[in-house]
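Residue strings, one per chain:
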Amino acid sequence: SVASVNIGQGVCEKLFGVYRLQLDINSSATADKRGFDLLFERDAAWELRALILAGSAAAESSEAAAEDDSELVCEFSFPQVVRHCLLSLSFVSVIGAATGVVLWLLSSEAGEGARISWVPIAVVFVPAVYQLLRPLFRYYQFRVIRQGQRLHISYGLVVTRHFSLPLDKTNGIIIRRPLLARPFHLCCGEIINIGMGDAEENQAPLFCLLTTPQQMHRIIEAVAPDYAEAAQPGSSSPLRRSPSAALLPLLPKWLCLSAVSGVAAALLWQWWIGALIALFWLLCCMASWRTKELALLERQVSISNGIFSQRNITIDYGRLQTLSRYSSPLSRRYGLMRGAVTILSSSVNRSNAIGYFPADDFERIEAAIMRSAAEKIRVPAPENAE
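Quick summary incoming for the structure in this document. What you see as residue numbers is a count from 1 along each chain, following the sequence as written. The predicted origin of the model limits local features to residues at a pLDDT of at least 70 and limits the giving and counting of side-chain atom pairs to 80 or more, whereas totals for whole chains, interfaces and linings rest on all residues. Neither water nor hydrogens contribute to the side-chain values; these are computed over all heavy atoms in the structure.

Examining the sheet that holds strand 16 (residues 336-343)
And then number 1: Here, strands pair whenever DSSP counts at least two bridges between them. Segments assigned H or I by DSSP are reported as helices when at least four residues long, segments assigned E as strands when at least two residues long, and all are numbered from the N terminus. Spatially, the 3 strands line up as an open sheet ordered 15-16-17, and their pairing is antiparallel. A strand with exactly one partner marks an edge of an open sheet, and here the two such strands are strand 15 (320-326) and strand 17 (351-358). Taking each pair of neighbouring strands and ignoring which way they run, the sheet shows an average axis angle of 20°.
And then number 2: With 6 bridges connecting them, strand 15 and strand 16 associate as antiparallel partners. Within the sheet, the bridge partner assigned to R325 lies in strand 16 and is G339. Interaxial angles span 0 to 180 degrees and are taken between N-to-C directions of axes, which are lines fitted to C-alpha atoms, for helices over the stretch in contact.

Things to note about a nonpolar patch on the surface
And then number 1: A residue counts toward a patch only above 30% relative accessible area and without a salt bridge, and it is joined to like-charged neighbours within 9 Å or, for Val, Leu, Ile, Met, Phe, Trp and Tyr, to nonpolar neighbours within 5 Å. Surface accessibility follows the Shrake-Rupley procedure with a 1.4 Å probe radius. Residue values consider only the protein chains on display as shielding. A pairing counts as a salt bridge when a side-chain nitrogen of Lys or Arg comes within 4 Å of a carboxyl oxygen of Asp or Glu. Together, V11, L15, F16, V129, L133, F137, L157, V158 and V159 give the surface a local cluster of nonpolar side chains, amounting to about 810 Å² of exposed area.
And then number 2: Broken down by secondary-structure element, the contributors of at least two residues to the nonpolar patch are helix 1 (11-16) and helix 6 (118-138).
And then number 3: Residue placement: V159 occurs in the loop between strand 6 (150-155) and strand 7 (160-166).
And then number 4: Think of it in three bands: residues with accessible area under 20% of the maximum for their type are buried, residues over 50% are exposed, and the middle band is partly exposed, with areas taken using a 1.4 Å probe on protein chains only. For V159, a relative accessible area of 33% translates into the label partly exposed.

Notes on the pairing of strand 6
And then number 1: Within strand 6, 6 of the 6 residues are buried, leaving the element largely enclosed by the surrounding structure.
And then number 2: Neither face of strand 6 is exposed, since R150, H152 and S154 on one face and L151, I153 and Y155 on the opposite face are all buried.
And then number 3: Connecting strand 5 (residues 143-147) to the antiparallel partner strand 6 that follows it, the hairpin turn spans 2 residues, and G148 within it adopts a positive phi of roughly 65°.
And then number 4: What sits between the antiparallel neighbours strand 6 and strand 7 is a turn of 4 residues, in which G156 has the positive phi angle 125°.

Some details on the pattern of salt bridges
And then number 1: Taken as a whole and judged by the stated rule, the model has 9 salt bridges.
And then number 2: Linking R20 and D37 is a salt bridge whose minimum nitrogen-to-oxygen distance equals 3.2 Å. Here D37 lies in strand 3 (residues 36-41) and R20 lies in strand 2 (residues 18-25), a separation of 17 residues in the sequence.
And then number 3: Take R20: its relative accessible area is 28%, and that puts it in the partly exposed class.
And then number 4: Residue D37 is classed as partly exposed on the basis of its relative accessible area, which comes to 32%.
And then number 5: Residue R143 pairs with E75 through a salt bridge whose shortest N-O separation is 3.1 Å.

Re the sheet that holds strand 9 (residues 187-193)
And then number 1: Ordered by their spatial adjacency, 7 strands build an open sheet running 10-9-8-14-13-12-11, and the pairing between neighbours is antiparallel. A single partner strand is all that each edge strand has here, and the edge strands are strand 10 (206-211) and strand 11 (240-241).
And then number 2: Of the pairings in the sheet, the one linking strand 8 (residues 170-177) to strand 14 (residues 310-316) comprises 6 bridges and is antiparallel in character. Pairing of I173 across the sheet is with T314, part of strand 14.

A short note on the nonpolar core
And then number 1: F142, L151, I153, I191, F207, I220 and V223 are the most contacted members of the largest nonpolar core, which totals 37 residues.
And then number 2: Contributions of two or more residues to this core are made by strand 4 (71-75), helix 4 (78-87), strand 6, strand 7, strand 8, strand 9, strand 10 and helix 7 (213-223).
And then number 3: Put simply, a nonpolar core is a bunch of buried Ala, Val, Leu, Ile, Met, Phe, Trp, Tyr and Cys residues held in one set by side-chain atoms that sit within 4.5 Å of each other. One finds I303, I315, I365 and A368 within the second-largest nonpolar core, a separate group that totals 19 residues.

Details of the layout of surface pockets
And then number 1: With a 1 Å grid laid over protein atoms only, a set of points is called a cavity when a 1.4 Å probe fits there but cannot get out and a pocket when it is open yet has protein on both sides within 12 Å along at least five of seven lines; lining residues have an atom within 4 Å of a point. Grid points are joined across faces, edges and corners, and a volume is the space filled by probe spheres set on the points. Put simply, the second largest pocket is a space of about 570 Å³.
And then number 2: Surrounding the second largest pocket, 24 residues form its lining, R177, G234, S237, E293 and Q310 being those nearest its centre.
And then number 3: Listed by contribution, the elements that provide at least two residues to the lining of the second largest pocket are strand 8, helix 7 and strand 14.
And then number 4: The element contributing the most residues to the lining of the second largest pocket is helix 7, with 3 residues.
And then number 5: All residues other than Ala, Val, Leu, Ile, Met, Phe, Trp, Tyr, Cys, Pro, Asp, Glu, Lys and Arg, Gly among them, are scored as polar; the first ten of these are nonpolar and the last four charged. Of the residues contributing to the lining of the second largest pocket, the split by class is 10 nonpolar, 9 polar and 5 charged.

As for the packing of helix 8 (residues 247-268) against helix 9 (residues 271-290)
And then number 1: One way to put it is that helix 8 packs onto helix 9 with a least axis distance of 8 Å and a crossing angle of 160°. Considered as vectors, helix 8 and helix 9 are oriented roughly antiparallel to each other. The element helix 8 and its partner helix 9 pack so that their crossing is right-handed. The residues of helix 9 that touch helix 8, namely those facing L247, L250, L251, W254, L255, L257, S258, S261, G262, A265 and A266, are W271, I273, G274, I277, A278, W281, L282, C284, C285, M286, S288 and W289.
And then number 2: For the contact of helix 8 with helix 9, a count of residues per class yields 18 nonpolar, 5 polar and no charged. Reported orientations rely on four angle classes, namely roughly parallel under 35 degrees, roughly antiparallel over 145, roughly perpendicular from 65 to 115, and oblique for the rest. Each crossing gets its handedness from the near helix: less than a right angle anticlockwise from the far helix is left-handed, clockwise is right-handed. Two residues qualify as a contact provided that any one of their heavy atoms is within 4.5 Å of a heavy atom in the partner residue.

What to know about helix 9
And then number 1: An expected span of 1.5 Å times one less than the residue number is assigned to each helix. In this model, helix 9 (20 residues) spans 29 Å end to end at C-alpha, consistent with the 28 Å of a helix rising 1.5 Å per residue.
And then number 2: Of the residues making up helix 9, those classed as buried are G274, A278, C284, C285, S288 and W289. Buried residues in helix 9, looked at end-on, bunch into an arc of 135°, giving them a common side.
And then number 3: Its buried side turned inward, helix 9 meets helix 8. Read the arc as the range of directions from the helix axis to the C-beta atoms.

Geometric descriptors of this kind do not, in isolation, establish any biological role.
Below you can see the structure in the form of structure tokens.
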């Protein structure tokens, strides 16, 4: 039942020469936290890790046997790590940094008696700098090695981490395109393991930093070839956008939000501010519709959404736990439905929304889930069958 075996060493652990052995198990009860977190001396930690890996992998007789099959999947240089940190900043961090720069410029140009306090500048600017520098130390010397049916991920400068993930317990693959990375056509990847890989960040462990779609496809072919079809770059991608009629069921919610916020802003400030806010919500409505994508493959379903930071998740039908479908009078008129699928994962990746698509697509997903469930059922024949 061991889903992942991780070795970590922070500043305090380095002072005492010990390592943290972190175990995640195949259980939804521990999906949002570590299953076990134990402290050992260096030799004991690595020896126990090897014993657990050898005992939990039926296809591998020992860790030493897998050493001969070790394959370096990818590693990233320091400039590539810096690029990942810069282009992975969230929309909130970018707005905070821009606000801090504007306040700093206003402060430098203001008169002596009207100088702006440095406190609000630090409040909005320091978090953005922190969001930039922390990943720089975190993903230093990022490296991914495949040994047999296990994936070994290591990185870190001050705090070092070593993940060991069994590929047969993979629930899905996530490809992210952050806001700043999208103009440069770069993306990064996460692997969803049944056990939580990185509980401190509440996210699935990265198996690839920001890179080109072509390189991402080659890495997925080496890490999880069953999911490579959904990661085809460019025009070869099987993803298709939500139909044009799907914009109509989305409009009422966004129109109400646009009207309420626009009128409130116009009454409190100026009418043009209210108009800009209303226009912003309408643009978000268009972006929400344009970024909804879906692909129904032979063994997996691939879902893509995200207005600012695009997220694409590919899941095997046999790993889906639930499928929910919803429709409104307006969407039923055009034969459309929206829904969501859930998987065994941490809360941040557990529920995955599907935009408005033809109802037949949801019927196909349901049939694929039932077919995968039927393939897992093996009814033993009676011993005295004639």
